[in-house]
Every structure is written in C-alpha cells, then in structure tokens.
Amino acid sequence: MKNKSKRKPLWITLGAAAACLAVAGGIFAMSSEMTGVKAQAEALYPKMSPYPDQNVYVEENYDNWWEDRNTQLDQPEGYADSLWSFYGDSIRTYLSGSGNSAYSPVNLYMALSVLAETCDGNSRSQILDLLGADSIEGLRTQAGQVWNANYCDDGALTSVLANSVWLDKGTEFHADTLKLLAQHYYASAYTGKFGTDEMNSAIRSWLNEQTGGFLADAVQNVEPDPDTVFALYSTVYFKARWDNEFDKALNTQSVFHAPGGDVEREFMNKTQTWGCYLYGEDFGAVQLGFKTGCGMWLILPDEDKDVNAVLDSGEYLQMIKEPNNWSKVKSLRINLSLPKFDVSSDFDLKSGLSELGVTDVFSPELADFSPICDDPLFVGKAKQSARVQIDEEGCTAASFVELEACGASMPPEEEMDLTFDRPFIFVITGMDGQPLFAGTVFEP
C-alpha cells in the first residue's frame, strides 16, 4: 500500500469523437498483447446484424437488422428526461462566448457517471446532483440505458461510447468497483506503469483506435504524469453520411457576416421539397438527417438576436428534445444554403464543472475516491479540445477532454430561403435524439 500522507494527482482523460463521413475504420478492440501493459478486462459490445445490401433484397436480412436495432433502442419511456437539464446547463456553460466551439454533452455525462462510481461522499453527491440522479444505483441503470440507446455498429452507421480505466500496477484497487465499471459501463481495464513509453503508447493506441485516428494530433500529447494512480478515458465515435448529400456542383462563394467583419466562404446549396422548418421566439431551425438514423440540427438566431441569447433561453433544446410535439413548425419548400465549416475550440473544463457544482473532486482536502482505491487522490486539471467539420458528404467531428489529477416570425406559406450567413448553432443528435455534440459557428 502506498503512503497515504501524500495525495497523488489523479489523471482522468475523457474523449469524444465523431466521424460522419464514410471513412475507413470503426470500433476496435485493444490487443491484450501490449509490452508492459496487461489487459485485465476488455469490453464486449452487443453484436448487430449488418445493414442489408440495398442492391439485393432479402427479407430475413432486413428483419434481423431491424430487430437488433430496435433491441438497442428499446429503453423505458422517459428514461433520459432528467438529463436535459444537465445538457442545457453544460452546453450553455461551455459554448457561451464569441468564437467557434464544440462540445459533447453525452460524452461528459458518461465520463462523469463512471467517475461517480470511483468516488464517494460529497464528491459523488455533487456529480449525482449535476446529472439529476437520486442515487448511484439509479445513475448506474440510466448510464447503461444511455450507452445502449446510442450504440449502433451495423456497417452503415457507427455510434459507440467506449470507456477504459488504466491502473498503476503498484497500487491495490478495489475489485468490486472494477467489476461494476465493466458490467455497467462496458469499461475495459488495463494495468501498467505510468510514465513509461509502454503505458503512454498503449493509451494512445486505445484512443486512436476508438476514435478512428481522427484525433491523432491531440492524442499524441496524452502523457499521464508518472505519479498517476489511475486514468479514465471515455470516447464517443460517430460515423455516417448525410441522408441526402449536397451536390458539389451547386456550391457557391458567398458572404458570411462574421463578428469581425464580412468574409467570403464556400456555401453548399440544396432545396428540400416540403421540408420541416421549426422556429422559436428567437431562432429558426432545420434538421439534416444521416443515413439510417441520427441527425444534425442547424439553428439560426433571428437577426435581432445572437447565439448567446438562444443558448440562454434554452428553447432550442426543448425543440430538440420533443421535435414531434413542437407546435411551431411548418412544412414548406426550403432553399437551404449552408457554409462548409471546420471549427475547433480549446477550453478549460475544470472551471465549468466547478460552476455547475462539481468541486470536491478537485480538492486535495475534500476529494473522496475510496471506492476505487485507498490512496488519497484528487483531480487537478480539466481541459477539452474539439473540432467539427462538414462538407458535401457529411461531417467529421471530434473532441478530446483531459482531466488531470495532480423567435423567429411565422414562415411564408409555400417557400423560403434559409441561409446560414451569420453566427449559428449546431447540434448532432444520436440514435434516441440525445445531443452527442453541440457547437457554435461564428466564422466558418
């Protein structure tokens, strides 16, 4: 047992990645043969029947595929209702500002859920309060439902949440907690010596494999401190194409009214015949679907409003939560013009989590991680880097989070031009409509 008189910094790294283009790759299993690193447990994901070949119709193939997909989505009605307050509060906390940004609410939820299993006392209570859970047992059940509802790996759509814990081989850990992490969070576990090239290489390999290599530059900088006792990594990987792709031949060069002045950018254009236009007190919105499921909401503030006003009101999120019950909607011909964008952000998560009520895990005096380890631990650093890119075929989005322990007016009757030529908001929703990613575009 290590000396308890000195609190050691706990490193936790949470990551989210989405690749919505038809790029090669997918979700990989970490090889158990890693020099200096031992796999204690590896997550086994549900098997899904492949999406049927549309050129060869076989009824049984469609039936099997549809049954497997419905099994994942078959969760109790309203099981995630309590999460939308967290989604709204955290999106507003991390996206408010005047620059391009991106953030993954579901990824932070899953990572905090895993973290709650490893801590106790006020450290756990503050996380439960933020996530709207009345008990760790309730959170445990809900996290499993969120995981399954957002899981799809059928060859046409990839949407997988992955978790892993990395343990110092010289420290004793509580087996019951590790068992809970594997059982309820699909968390793989590995042991090794922090600070060694072997451990760093294994962690980077796992992250690159889970995110399809899209975050390679950020992953290369992952290097837990040698004093690390355990590290937690959580990722979201999403890959799909637009249901109706943009025709590149229709692209135009147009003006985008950015806060710093007008800029010329490449816009993608298409007409949605009798598409759904939704609106609120201070915005108008449209949703673009991905093949076989999921979608991206594009939310344009009214000309007399701005992005922060829409984020503060929160009405847009109620629309996303219950689009089928949204009364401010009209079906009409939409001439959509959308700039290609590639936005990124890098911001501190620690201050945001503290603002949202999670403080004790960052305090050397107050943090309680007794469920996972008897050594005194605390979280000392939290940051996120994120990037979202869209083009004619679809989108590529990724975030990497590191916590280191040391009213629009009524639309016209028939047709409208919807041009995203000023700052706007986007939200990528998963299989059951929860926000996988949210972001702002102030200048594409």
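First, a word on scope: everything that follows refers to the structure included in this document. (Residues numbered from 1 in each chain as written. Predicted model: local features only at pLDDT ≥ 70, side-chain atom pairs only at ≥ 80, totals over all residues. Heavy atoms only, no water.)

On the secondary structure map, Glu355 appears in helix α11 (residues 350-355). The class for Glu355 is exposed, based on a relative accessible area of 61%. Along the backbone, Glu355 and Ser90 are 265 residues apart, and their C-alpha atoms lie at a distance of 9.6 Å. (Helix = DSSP H or I, 4+ residues; strand = E, 2+ residues; numbered from the N terminus. Buried < 20%, exposed > 50% of the residue type's maximum accessible area, 1.4 Å probe, protein only.)

So, about the side chain of Ser363. Considering the arrangement of structural elements, one finds Ser363 in the loop between α11 and β16 (377-379). Within the structure, Ser363 has its side chain in polar contact with the backbone nitrogen of Leu366 (distance 3.1 Å). (Polar contact = N/O pair within 3.5 Å; in protein donor to acceptor, adjacent residues only side chain to side chain.)

Looking now at the pattern of salt bridges. Following the criterion strictly, the structure yields 14 salt bridges and no others. Between Arg241 and Glu393 there is a salt bridge whose closest N-O contact spans 2.9 Å. Here Arg241, found in the loop between β9 (230-239) and β10 (252-258), pairs with Glu393, found in the loop between β17 (381-390) and β18 (395-404); they are 152 residues apart in sequence, far enough to count as distant. Classification of Arg241 as partly exposed rests on a relative accessible area of 22%. Residue class for Glu393 comes out partly exposed when judged on its relative accessible area of 33%. Among the salt bridges present, the one from Glu415 reaches Arg333, with a minimum N-O distance of 3.8 Å. Judged by its relative accessible area of 41%, Glu415 falls in the partly exposed class. Taking the relative accessible area as the measure of exposure, Arg333 reaches 35% and is therefore partly exposed. By sharing partners, the salt bridges in this structure join Arg241, Glu245 and Glu393 into a single network. (Salt bridge = Lys/Arg side-chain N within 4 Å of Asp/Glu carboxyl O.)

Once that is clear, we can look at the pairing of strand β13 (residues 295-301). Counted residue by residue, β13 has seven buried out of seven residues, so it is predominantly covered. Side chains Gly295, Trp297, Ile299 and Pro301 of β13 all project onto a buried face; the interleaved residues Met296, Leu298 and Leu300 project onto the opposite face, where all are buried too. Sheet topology note: the strand β12 (residues 283-289)/β13 ladder contains seven bridges and is antiparallel. Among the inter-strand pairings, Phe283 is bridged to a residue of β13, identified as Pro301. The hairpin formed by β12 and β13 contains five residues between the paired strands, and Thr292 there has a positive phi angle of roughly 65°. Both β13 and strand β20 (residues 424-429) contribute to a ladder of five bridges, which runs antiparallel. Across the sheet, the residue bridging to Met296 is Ile428, located in β20. (Pairing = 2+ DSSP bridges.)

With that settled, consider a negative patch on the surface. Side chains of Glu59, Glu60, Asp63 and Glu67 sit close together on the surface and give a patch of like negative charge. Among the structural elements, Glu59 can be located in helix α1 (residues 59-73). (Patch = residues over 30% accessible without salt bridge, like charges linked within 9 Å, V, L, I, M, F, W, Y side chains within 5 Å. Areas by Shrake-Rupley, 256 points an atom, 1.4 Å probe, with all protein chains shown as cover. Lys, Arg positive; Asp, Glu negative; His and termini not counted. Charge placed at Lys NZ, Arg CZ, Asp CG, Glu CD.)

Only one face of strand β19 (residues 415-419) is buried, namely the one carrying Met416 and Leu418, since none of Glu415, Asp417 and Thr419 on the opposite face is buried. Where strand β14 (residues 329-339) meets β19, five bridges bridge the pair, whose relative direction is parallel. Counterpart to Ser337 in the pairing with β19 is Thr419.

It is at 9 Å that the axes of helix α3 (residues 105-118) and helix α4 (residues 121-130) come closest, and there the two elements cross at 150°. One way to sum up the angle between α3 and α4 is to call them roughly antiparallel. Helix-helix and strand crossings are classified by hand; for α3 and α4 the assignment is left-handed. Residues Leu112, Leu115, Ala116 and Glu117 of α3 form the contact with α4, whose participating residues are Arg124, Ile127 and Leu130. Across the contact of α3 with α4, the residue classes tally to five nonpolar, no polar and two charged. (Axes fitted to C-alpha atoms, helices over the stretch in contact; angles between N-to-C directions. Parallel < 35°, antiparallel > 145°, perpendicular 65-115°, else oblique. Left-handed = near helix turned anticlockwise from the far one by under 90°. Contact = heavy atoms within 4.5 Å. Nonpolar A, V, L, I, M, F, W, Y, C, P; charged D, E, K, R; others polar.)

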